[in-house]
Amino acid sequence: MKVKRLIVIVSMFAFFVIVWFLQGKRYLSLPTPEALYWLNASAFGYNSIRAFCLFYSIPFIIFINHFFLSEDTFTIIRWFKREVLYRRIVIKTAISSIIFSIIHMLVNVVLTFTFLDWELILEAQFVLISFFSMIGLFLFFFWVGILYRLFYDLTNFKGSSMLFTCLFIGVLYFIGKLNVLGGAWYPTKDLVIFQMLLENKWETIDLILVYTRQIVIVIIFYLIASSIFLRKDFA
Amino acid sequence: MGEKMFQSQIYRLLHNNLSRFMFILILIIPCVEVFQLLLMKFQTGTDFHPAFAFFLAGSSRGHLAQILLLWFLPLFFLLLGSDDVIQDYRTGYRDILISKVGRKKYCLQKYIVSFSVSFITMFFSLLVNFLLVSVFFANGTYTKGLSQIELPNNSLFTMSVAHPYLADLSFALIACIFAGFAGLIGASVSLFFLDKKYAYTAAFFIWFLLVLKENSLMFLFQPFAEYGFNVLIPILLLALAVFTIVPFIIFIYEVRYNES
């Protein structure tokens with residue numbers, strides 16, 4: 001399992017590096033401040049909402065599936081209560097989303113430092129912003145993971161739940177993009193942390209609000225998914 | 001035996017609830033765009049020319065339906081029935097079939113069925129979309145201003161705008177063929193891994209990396225875009241190479257070297 005996990009992590013690194021180059025290649029020749037902005041803008045690119053929702057959601061689910069051993073039906077009787085099993089599943093989801101967002105951040109930081117001017121990057125507090133963005137991303141992927149588990153418990157099939165989660169997130173993304181709700185808030189709107197902090201548009205309170213909202217979404221999905229899990233028929 | 005094999009697989013597909021659901025889903029997603037365009041028609045009065053309202057032309061804002069369907073195409077077809085091989089393996093039916101008809105026929109049959117089922121599904125999906133747009137936008141004339149643009153160096157664009165229905169037809173044909181290939185890739189990686197976890201991962205990444213490329217696979221499906229033959233031909237050749245070589249190598253491996 002150690003070797004397999006290593007392989008999974010290395011392939012995720014490779015995937016992110018490929019995405020970073022494919023998305024950022026054309027901006028690398030720009031002067032550093034502009035390049036930094038375009039590489040991390042929220043509309044297109046490696047750190048965009050589009051990338052978070054459409055590029056990374058399926059790889060993230062693949063990552064959860066491969067990073068832990070798949071459970072068999074008999075795991076249900078290993079613990080005293082079903083709640084314990086569900087808590088373990090949620091913890092696994094949390095761990096995978098932490099690792100996934102850390103890999104995402106590391107690739108961005110390392111490649112940015114390799115190709116752009118160090119002093120200007122440090123001046124823009126790039127590393128700190130990456131860290132804050134990483135926490136937001138962790139919360140986002142955490143509820144995506146719980147959502148995936150919810151669909152899995154409903155359909156009992158990993159393939160379809162993968163697709164449904166992706167479609168769900170995709171529809172959320174387009175609700176935002178097509179401005180269906182006017183200016184109202186929607187869950188994926190919070191993924192703009194990077195751009196907002198880079199442009200100095202946000203205060204600390206905005207960041208805390210974003211984290212709080214994402215935590216609330218995690219809790220809501222946790223409650224819904226746990227009630228479905230507890231009623232699930234393990235046959 | 002050969003015919004019976006086809007019949008049994010088609011019968012299974014037709015009576016599987018998940019396959020039915022996926023078929024309907026693939027049929028519905030392009031209709032979402034018709035709805036979007038109709039909404040636009042009533043709100044802003046933009047009455048599209050039917051050929052430009054077609055699903056592949058991508059006239060709606062944001063390309064919601066196109067992204068949701070075309071970016072993840074192999075997953076749709078794997079769920080529709082390309083991963084049937086794995087079910088055969090789990091139930092042991094694979095061994096029975098192989099001992100009766102041989103590996104070669106078995107693999108070939110799986111390839112043919114998943115290619116044709118995916119092709120036909122995409123064909124129906126696009127056909128339904130085309131019929132809907134022809135009804136709803138029968139008298140439309142709006143072409144996004146494309147008919148006024150002249151790109152003398154781009155013969156594909158000039159031809160497409162001069163004969164919009166022909167352009168739709170040829171791009172739809174390419175889309176159907178590549179949908180077939182998406183199914184084929186699904187079937188071949190399923191044959192190779194015999195495990196859903198790995199098969200889905202492999203099929204997804206093969207397709208998605210081609211989509212993410214700067215000269216994306218998606219350009220091949222979009223008529224009336226600014227890309228000429230000089231952009232599209234290399235994409236076409238690369239995609240064709242990937243989608244034929246991977247199944248071919250897996251076929252050779254399964255037939256010649258796999259002794260399990």
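Just so you know, these numbers come straight off a predicted model, no measurement behind them.

Draft legend 1. Expanded view of the overall build of chain A. Secondary structure assignment for chain A yields 10 helices and 0 strands. Listing the helices and strands of chain A from first to last along the sequence gives α-α-α-α-α-α-α-α-α-α. If one aligns the C-alpha atoms of chain A with their principal axes, the spans along those axes are about 60 × 45 × 30 Å. With 235 residues in all, chain A has 54% of them scored as buried.

Draft legend 2. Region of the structure containing the interface of chain B and chain A. Counting residues at the interface gives 29 residues for chain B and 32 residues for chain A. Here chain B and chain A share an interface that buries about 2600 Å² over both sides, 80% of which is from carbon and sulfur atoms. A per-residue breakdown of the area chain B buries against chain A is headed by B:K197, B:L212 and B:E214, which together make up 22% of the total. Along the contact surface separating chain B from chain A lie 1 salt bridge. Two residues, A:K25 and B:E214, come together in a salt bridge whose shortest N-O distance is 3.3 Å. Viewed at the interface, chain A and chain B are joined by 5 residue pairs in polar contact (both at pLDDT 80 or more). Counting residues per element, the ones that place at least two in the side of chain B that touches chain A are α2 (17-44), α4 (64-70), α5 (73-82) and α11 (196-212) of chain B. Broken down by element, the residue count for the side of chain B that touches chain A peaks at 10 residues, all from α11(B). Counted by class, the side of chain B that touches chain A contains 19 nonpolar, 4 polar and 6 charged residues.

Draft legend 3. Main features of empty space enclosed by the protein. Residue and element names in this part refer to chain A. Within the structure shown, the criterion is met by 6 cavities of 30 Å³ or more. Approximately 220 Å³ is the volume attributed to the largest cavity. As for the largest cavity, its lining consists of 14 residues, of which I64, N65, E71, R149 and K158 are closest to the centre. Only α4 (57-67), α5 (82-115) and α7 (126-155) provide two or more residues apiece to the lining of the largest cavity. Of the residues forming the lining of the largest cavity, the biggest block, 4 residues, is contributed by α7.

Draft legend 4. Up close: the environment of B:Y106. Residues and elements named next belong to chain B. Following the sequence through the fold, Y106 ends up in helix α8 (residues 103-136). Its relative accessible area of 1% is what places Y106 among the buried residues. Through-space distance from the C-alpha of Y106 to that of Y93 is 11 Å; in sequence the pair is 13 residues apart. Each residue touching Y106, except ones within four places of it in the same chain, is listed here: M5, V85, D88, R94, L97, I98, V101 and L191. A distance of 3.1 Å separates the side chain of Y106 from the side chain of D88, its partner in a polar contact.

Draft legend 5. Geometry of the packing of aromatic side chains. Evaluation of the coordinates by the stated rule reveals 60 aromatic pairs over all chains. For the pair A:F164 and B:F21, a centre-to-centre distance of 5.8 Å together with 90° between the ring planes defines the contact as edge-to-face. On the criterion of chain membership, the pair formed by A:F164 in helix α8 (residues 158-177) and B:F21 in helix α2 is interchain, its members lying in two chains. Judged by relative accessible area, B:F21 falls into the partly exposed class, the value being 42%. Judged by centre distance (5.5 Å) and plane angle (65°), the ring pair of B:F192 and B:Y253 falls under edge-to-face. One end of the pair, B:F192, is in helix α10 (residues 164-193); the other, B:Y253, is in helix α12 (residues 229-257), with 61 residues separating them in the sequence.

Draft legend 6. Layout of the nonpolar core. Ranked by internal contacts, the top residues of the largest apolar core, which has 157 residues, are A:Y56, A:F140, B:L56, B:F72, B:F76 and B:F221. With 16 residues, the top contributor of residues to this core is α7(A). Sequence-distant contacts of A:F140, defined by excluding residues within four places in its chain, comprise A:F52, A:C53, A:I169, A:T188, A:L191 and A:Q214. Counting residues in each nonpolar core, the second largest holds 15 residues, with B:V34, B:F52, B:A57 and B:F224 among its members.

Draft legend 7. Inspection of a nonpolar patch on the surface at higher detail. Residues B:I120, B:F123, B:F124, B:L127 and B:L131 make up a contiguous nonpolar surface patch of about 440 Å² in total accessible area. Assignment of secondary structure puts B:L131 in helix α8.

Conventions and cut-offs
Residues numbered from 1 in each chain as written. Chains lettered and ligands numbered in written order. Predicted model: local features only at pLDDT ≥ 70, side-chain atom pairs only at ≥ 80, totals over all residues. Heavy atoms only, no water. Helix = DSSP H or I, 4+ residues; strand = E, 2+ residues; numbered from the N terminus. Buried < 20%, exposed > 50% of the residue type's maximum accessible area, 1.4 Å probe, protein only. Contact = heavy atoms within 4.5 Å. Buried area = accessible area lost by both parts, 1.4 Å probe. Salt bridge = Lys/Arg side-chain N within 4 Å of Asp/Glu carboxyl O. Polar contact = N/O pair within 3.5 Å; in protein donor to acceptor, adjacent residues only side chain to side chain. Nonpolar A, V, L, I, M, F, W, Y, C, P; charged D, E, K, R; others polar. 1 Å grid on protein atoms, 1.4 Å probe; cavity = no way out; pocket = protein on both sides within 12 Å on 5 of 7 lines; lining within 4 Å. Points joined across faces, edges and corners; volume = space filled by probe spheres on them. Phe/Tyr/Trp six-rings, centres within 6.5 Å; stacked < 30°, edge-to-face > 60°. Core = buried A, V, L, I, M, F, W, Y, C linked by side-chain atoms within 4.5 Å. Patch = residues over 30% accessible without salt bridge, like charges linked within 9 Å, V, L, I, M, F, W, Y side chains within 5 Å. Areas by Shrake-Rupley, 256 points an atom, 1.4 Å probe, with all protein chains shown as cover.

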